[in-house]
Amino acid sequence: MNYEVVSLVLATSAAARSFAPDVWFLVRRLLGAGVRIGATALSEQQTQPPAATPASWNEGGHR
């Protein structure tokens, strides 16, 4: 291997190792924000379910 390639690999691995915790922190923050936004959107969409109507014995597969 060439010394330049080895130097590049070592520099890249050192940079990845030093910035990896920051990247994971940002990913976790973004996922947490996405979950909060999604939960808020779902809670705003909830409506009251329609009132249950009693089914007759001829409906609903009762034997």
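Read on for an overview of the structure. (Residues numbered from 1 in each chain as written. Predicted model: local features only at pLDDT ≥ 70, side-chain atom pairs only at ≥ 80, totals over all residues. Heavy atoms only, no water.)

Counting its secondary structure elements, the protein contains 1 helix and 0 strands. In the protein, which comprises 63 residues, the proportion classed as buried is 0%. Total accessible area on the protein stands at roughly 6,500 Å², and carbon and sulfur atoms take up 64% of it. (Helix = DSSP H or I, 4+ residues; strand = E, 2+ residues; numbered from the N terminus. Buried < 20%, exposed > 50% of the residue type's maximum accessible area, 1.4 Å probe, protein only. Areas by Shrake-Rupley, 256 points an atom, 1.4 Å probe, with all protein chains shown as cover.)

Taken together, Phe-19, Val-23, Trp-24, Val-27 and Leu-31 make up a surface patch of nonpolar side chains, about 530 Å² in accessible area. Judged by relative accessible area, Phe-19 falls into the exposed class, the value being 52%. (Patch = residues over 30% accessible without salt bridge, like charges linked within 9 Å, V, L, I, M, F, W, Y side chains within 5 Å. Salt bridge = Lys/Arg side-chain N within 4 Å of Asp/Glu carboxyl O.)

In a regular helix each residue adds 1.5 Å, so 43 residues correspond to 63 Å; helix α1 (residues 3-45) covers 60 Å between its end C-alpha atoms and thus fits that length. Phe-19 marks the point of greatest bend in α1, at about 45°, and the proline Pro-21 comes within the next four residues. (Expected span 1.5 Å × (residues − 1). Bend = angle between axes of the 7 residues up to and from the residue.)

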